[in-house]
Amino acid sequence: MSPFPSIVETVNRALPTTPQQTRRRGSSLKSLLSPLCDICRQLDLGQAHSTLAYRTYCPEGICLGKLQNDPASSKCPLCQAIAQVCRETCLVAQGPADPYGPLLQLRAFHLLPYLHEQWYQGRHMYIDDQSSDFFVAAVPSQFSMVPGSSDRALFNEMVSKRGFLVYNRDADQIQRRTLTTRLMSTHFDPCIAQNWLRICITHHDRCRIPRHPHPELNLIDCRSRQVLNTSKVAPDVELDYVALSYVWGSSMDPSDLSLSTSRLPRDLPSVIEDAIKVVLKLGYCYLWIDKYCINHHDKCKKHEQLMHMGHVYKNAVLTIIAAAGHGESYGLPGVTSARTPRQISFKNEGDGYELRTTLPLPHTSIRESRWASRGWTYQEAILSRRRLVFTEDQLYFECNSASCCEGFDISFDNMPCMTKNNPEEPIRSCLFSLQQLLPIASGGKAARLSNFLTYTHCAEQYSKRTLTFDHDSLIAFSGIIRVLESFRPFPVRHIWGVPFFHPDDDNPVDNQTKYAQLFPFWRSPALAKNSAPKSHSPNAEAFDYLAYLMLGLCWRHVSSKKPVRRRHDLPSWSWTGWEGALTWPRLSKDSDIRSSTWAETAISLASDSSESVPELYHKSTDAHLLAQSNKSLHIRTSAISPAAFVFDELSCSLALATGGRAELYPSKDELDALKVYRRIQSGRYQVIKLATVDETTYMMLIKRYRNAYYRIGTMVVEDLYLTYSLFTIQIQIYRLR
């Protein structure tokens, strides 16, 4: 879906692009004769506007004329602007292949197709309504702008870093445009954010939530700077409040977290001081900030409040995100401290237009901010309904239905999506919204898979972030877990963060018989005839619950600059027990997921099954209760024989004796294929099968230490080569810690 609702249909591509067809000299820049060079003085931008306005979209654009191959060396202001925005393509024009360099052209392009590619990170969209102005760029004469070409990829990367040089018509004409560029102030303009909020509150059904009783909260009254408790407010009074998501400072003095009175301290961190100002400027009164609204000295109270973090951000009318700077002392750019102006503007009063550079879209700077590197901020953004992000340069707004940035002024009120006749054309969000991860799926299998993929996607994104305290690994993800457990149908449960589905959710039973027939659910379907729950539900029939639990264990670490590190207070078999980016097997809507067919497999959380997996999942949402439970996972199965593995000295890799390579993904430092092979042969390491996805089988590499085993990596093989003869005859229980 498009961020601009009127641009969703296929277009024709028949625009002439030769210089002979489009090079009409005019007086477009006559009013700037003095500062412009001879070449720029001859460019006819007015002709380009009239041509583009009545022609269909062409990726190659139209040629306005030639430029000198090194515009950066000119004192001409237009050349300087072109060189600033088009640095990469100008360098290509000066390449060593031709001593004179290829002819550098100034081309005009429709803005929306290229803006759309940047907005959606390369996802291809078609555009039919040119409801915006065009932009100009310098490219070599042989440069191909066909989608998918290497030149187009270079061009898109350049635009994402530097923005566009956009042609804007006079004010009367601009008012009729759906999209125009905005010359931004150095200070925060609340009217812009208020307009975004107004559109969302008025038109977006997906951003509304039903009013329910909620746990009591502490809120800051930004007028009096007093901290009040919502329990003292009349039950029928709803307090609209704003939440703040930010990065704490490096030093966390407990005295900073204690309030001797209900009044805020005089000296507040800059980001909090600025957030209070923004709340008041937007017309709200109440603000929630973790530092002053959570009781950090009462452990029970603190835990209770942390477990309701998802509720706090979901119910906030808006979340302010501080994605600039490295800590709380930096503040929100443009509120107290002015932002550095970076735009260049040329006005032609005679012909009634302006050339203006835009800032790059803020998506990259948000992703690369320190705020985006912290673990707790992930669920704060995902669970919020509306987010107002402060970056170094500009504002970015995203709700669960729309996204827009300060650099572009979008006329929402005139858009088709704001009418009830067009419900299928919402403006889609693209950075934070959880709903974008939920493709429309029909049938039990597809819906389950969609929910499972949402869980693993969130876990993968979260794993790229860092935490100050290891024990927060599961707690800081618990808000996401609560949402995923609330999905209907097919909620995604978890054991220490490992996702799975449970038959209870397909077959409601009374409490007395809840666990009576569920033990086979944790055994191999190939060996347990009653593995499928006894139900008339088509969604539960013949579903391999064990396979999905095993699939949840199939995560592996990916190559990253950040080292992988164990969190020793969490299980090694859970992804929450490790620091470092990870991934699960890639799945499609048609993926065949199955558990072991060669070896018996059964899982419990204690050797005597006194606390089985079905019992534990009912309290697994609460990380505090989970921490009091057994961290051991007992897998009863037969391992793969050491004789099944061979070491290929030529490629320094592992293979199976039946053929086929065994890909190794270690989580332990300095662990290569040769070391793994030798330790498998000595019996120190063992390999147990987890799950098969289509034709690929995933296995867990475990290390024996004293009376337990610990997960240290993942191995992947083609299922074709994993025959019965490769398994040991002995069946034993592996106690994983």
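Residues numbered from 1 in each chain as written. Predicted model: local features only at pLDDT ≥ 70, side-chain atom pairs only at ≥ 80, totals over all residues. Heavy atoms only, no water.

This part takes up the pattern of salt bridges. As enumerated under the stated definition, the model contains 18 salt bridges in all. Note that Lys 161 and Glu 157 form a salt bridge whose closest N and O atoms lie 3.7 Å from each other. One end of the pair, Lys 161, and the other, Glu 157, are both in helix H7 (residues 150-162), 4 residues apart, so they sit about a helical turn from each other. Note that Lys 291 and Glu 328 form a salt bridge whose closest N and O atoms lie 2.9 Å from each other. Of the two residues, Lys 291 sits in helix H11 (residues 290-293) while Glu 328 sits in the loop between strand E10 (318-322) and strand E11 (345-348), which places them 37 residues apart along the sequence. Here the salt bridges do not stand alone but share partners, grouping Asp 470, Arg 565, Arg 567 and Glu 579 into one network. (Salt bridge = Lys/Arg side-chain N within 4 Å of Asp/Glu carboxyl O. Helix = DSSP H or I, 4+ residues; strand = E, 2+ residues; numbered from the N terminus.)

What follows covers the packing of aromatic side chains. As enumerated under the stated definition, the model contains 24 aromatic pairs in all. Look at Phe 109 and Tyr 114: their rings are 5.4 Å apart centre to centre, the planes differ by 70°, and that puts the pair in the edge-to-face class. In textbook terms, an aromatic cluster arises when at least three aromatic residues are bridged by ring pairs, as seen for Tyr 378, Tyr 455, Tyr 462, Phe 477, Trp 575 and Trp 584. The cationic tip of Arg 448 hangs over the ring face of Phe 501; the distance from NZ or CZ to the ring centre is 5.5 Å. The ring of Trp 371 has Arg 465 lying over it, and the distance from NZ or CZ to the ring centre is 5.5 Å. (Phe/Tyr/Trp six-rings, centres within 6.5 Å; stacked < 30°, edge-to-face > 60°. Lys NZ or Arg CZ within 6 Å of the ring centre and 35° of its normal.)

Let us look at the nonpolar core. Most often, soluble globular proteins keep nonpolar side chains buried together rather than apart. Ranked by size, the top nonpolar core spans 181 residues in total, and within it Leu 78, Phe 155, Leu 287, Trp 288 and Phe 477 carry the most contacts. Residue contacts for Phe 477: discarding those within four places in its chain leaves Tyr 378, Gln 379, Tyr 455, Cys 458, Ala 459, Tyr 462 and Trp 575. By size, the runner-up hydrophobic cluster in this structure holds 21 residues, among which are Phe 645, Ala 673, Ile 712 and Met 715. (Core = buried A, V, L, I, M, F, W, Y, C linked by side-chain atoms within 4.5 Å. Buried < 20%, exposed > 50% of the residue type's maximum accessible area, 1.4 Å probe, protein only. Contact = heavy atoms within 4.5 Å.)

This paragraph deals with helix H6 (residues 111-119). Of all the 9 residues making up H6, 9 are buried; the element is thus mostly covered by neighbouring parts of the structure. Those residues of H6 lying buried are Leu 111, Leu 112, Pro 113, Tyr 114, Leu 115, His 116, Glu 117, Gln 118 and Trp 119.

Attention now moves to helix H19 (residues 545-552). Burial analysis of H19 places 8 of its 8 residues in the buried class, the great majority of the element. Looking at H19, one finds that the buried residues are Tyr 545, Leu 546, Ala 547, Tyr 548, Leu 549, Met 550, Leu 551 and Gly 552.

With that out of the way, let us pick up the pairing of strand E7 (residues 226-229). Residues Val 227 and Asn 229 point to one face of E7 and are all buried, whereas Gln 226 and Leu 228, pointing to the other face, are not buried. In this sheet, E7 lies alongside strand E6 (residues 218-221) in antiparallel orientation, the contact comprising 4 bridges. Looking at E7, one finds that Asp 221 is bridged to Gln 226. Hairpin connection between E6 and E7: a loop of 4 residues separates the two successive antiparallel strands, and Arg 225 in this loop has a positive phi of roughly 60°. (Pairing = 2+ DSSP bridges.)

Moving on, we get to the environment of Pro 333. Tracing the backbone shows Pro 333 in the loop between E10 and E11. Beyond its immediate chain neighbours, meaning those up to four positions away, Pro 333 contacts Ala 324, Arg 339, Phe 390, Thr 391 and Glu 392.

With 73% of its residues at a pLDDT of 70 or more, the chain shows a mean pLDDT of 79. Here residues 416-428 is a poorly scored stretch, pLDDT under 50, and it has 37 contacts once near neighbours within four places are set aside; other chains count. This model gives residues 526-541 a pLDDT under 50, and the stretch forms 27 contacts once residues within four places in sequence are excluded. (pLDDT = per-residue confidence, 0-100.)

With that settled, consider the sheet that holds E6. On the basis of which strands lie adjacent, the open sheet formed by 8 strands has the order E7-E6-E9-E8-E10-E13-E14-E15 and mixed pairing. In the strand order of this sheet, the two ends are held by E7 and strand E15 (403-405), each with one partner. Taking the axes of each pair of neighbouring strands and ignoring which way they run, one obtains an average angle of 25° across the sheet. Across 2 bridges, the pairing between E6 and strand E9 (residues 286-288) is antiparallel. Paired with Asp 221 across the bridge in E9 is Tyr 286. (Axes fitted to C-alpha atoms, helices over the stretch in contact; angles between N-to-C directions.)

Let us now look at the environment of Asn 451. The residue Asn 451 is located in helix H16 (residues 444-463) in this model. Relative accessible area serves as the criterion here: at 10%, Asn 451 is assigned to the buried category. For the pair Asn 451 and Phe 487, spaced 36 residues apart in sequence, the C-alpha separation works out to 7.8 Å.

A word on the packing of H6 against H7. Running from amino to carboxyl end, H6 crosses H7 at an angle of 75°, the nearest separation of the two axes being 10 Å. If you check the angle between H6 and H7, you find them roughly perpendicular. Facing H6, whose interface residues are Tyr 114, Glu 117 and Gln 118, H7 presents Arg 152, Phe 155, Asn 156, Val 159 and Ser 160. For the contact of H6 with H7, a count of residues per class yields 3 nonpolar, 3 polar and 2 charged. (Parallel < 35°, antiparallel > 145°, perpendicular 65-115°, else oblique. Nonpolar A, V, L, I, M, F, W, Y, C, P; charged D, E, K, R; others polar.)

As a further point, take unusual backbone geometry. Arg 488 connects to Pro 489 through a cis peptide bond whose omega is 0°. Relative to the assigned elements, Pro 489 resides in the loop between helix H18 (478-485) and strand E17 (493-495). In the Ramachandran plot, Arg 225 falls in the positive-phi region, its phi being about 60° despite a non-glycine side chain. We note that Glu 670 has phi near 55°; this positive angle belongs to a residue other than glycine. By the element assignment, Glu 670 lies in the loop between strand E28 (661-666) and helix H22 (673-682). Looking at Glu 670, the relative accessible area reads 71%, which means it is exposed.

Attention shifts here to the state of the cysteines. For the structure shown, the criterion picks out 0 disulfides. A disulfide-free cysteine, Cys 76 has its sulfur positioned 3.8 Å from the sulfur of Cys 40, the nearest such atom. This cysteine, Cys 90, is not joined by any disulfide, and Cys 86 carries the nearest cysteine sulfur, 5.7 Å off. (Disulfide = S-S within 2.5 Å.)

Right, let's get into the side chain of Thr 358. In this structure, Thr 358 sits in the loop between strand E12 (353-357) and helix H14 (363-367). We classify Thr 358 as buried; its relative accessible area is 3%. Each residue touching Thr 358, except ones within four places of it in the same chain, is listed here: Arg 162, Gly 163, Phe 164, Val 166, Thr 181, Gln 343 and Phe 408.

With that settled, consider the pairing of E10. Counting buried positions over the 5 residues of E10 gives 5, a clear majority of the element. Here E10 shows a buried face lined by Leu 318, Ile 320 and Ala 322 and a second buried face lined by Thr 319 and Ile 321. Of the pairings in the sheet, the one linking strand E8 (residues 241-245) to E10 comprises 4 bridges and is parallel in character. Looking at the pairing, Leu 244 lines up with Ile 320 of E10. Across 4 bridges, E10 lies against strand E13 (residues 386-390) in parallel orientation. From the neighbouring strand, Ile 321 faces E13, where its bridge partner is Val 389.

Attention now moves to the packing of H16 against H19. Following both chains from N to C, one finds H16 and H19 inclined at 20°, their axes separated by 12 Å at the closest point. Viewed along their axes, H16 and H19 adopt a mutual orientation that is roughly parallel. The element H16 and its partner H19 pack so that their crossing is right-handed. Only Tyr 545, Tyr 548, Leu 551 and Gly 552 of H19 make contact with H16, whose side of the interface consists of Arg 448, Leu 449 and Phe 452. For the contact of H16 with H19, the class distribution of residues is 5 nonpolar, 1 polar and 1 charged. (Left-handed = near helix turned anticlockwise from the far one by under 90°.)

On to the environment of Leu 395. With respect to the element layout, Leu 395 can be found in strand E14 (residues 395-399). When its relative accessible area of 1% is taken as the criterion, Leu 395 is described as buried. Along the backbone, Leu 395 and Gly 334 are 61 residues apart, and their C-alpha atoms lie at a distance of 9.6 Å. Leu 395 has contacts with Phe 188, Trp 196, Arg 339, Leu 388, Val 389, Phe 390, Cys 405 and Glu 406, leaving out every residue within four places of it along the chain.

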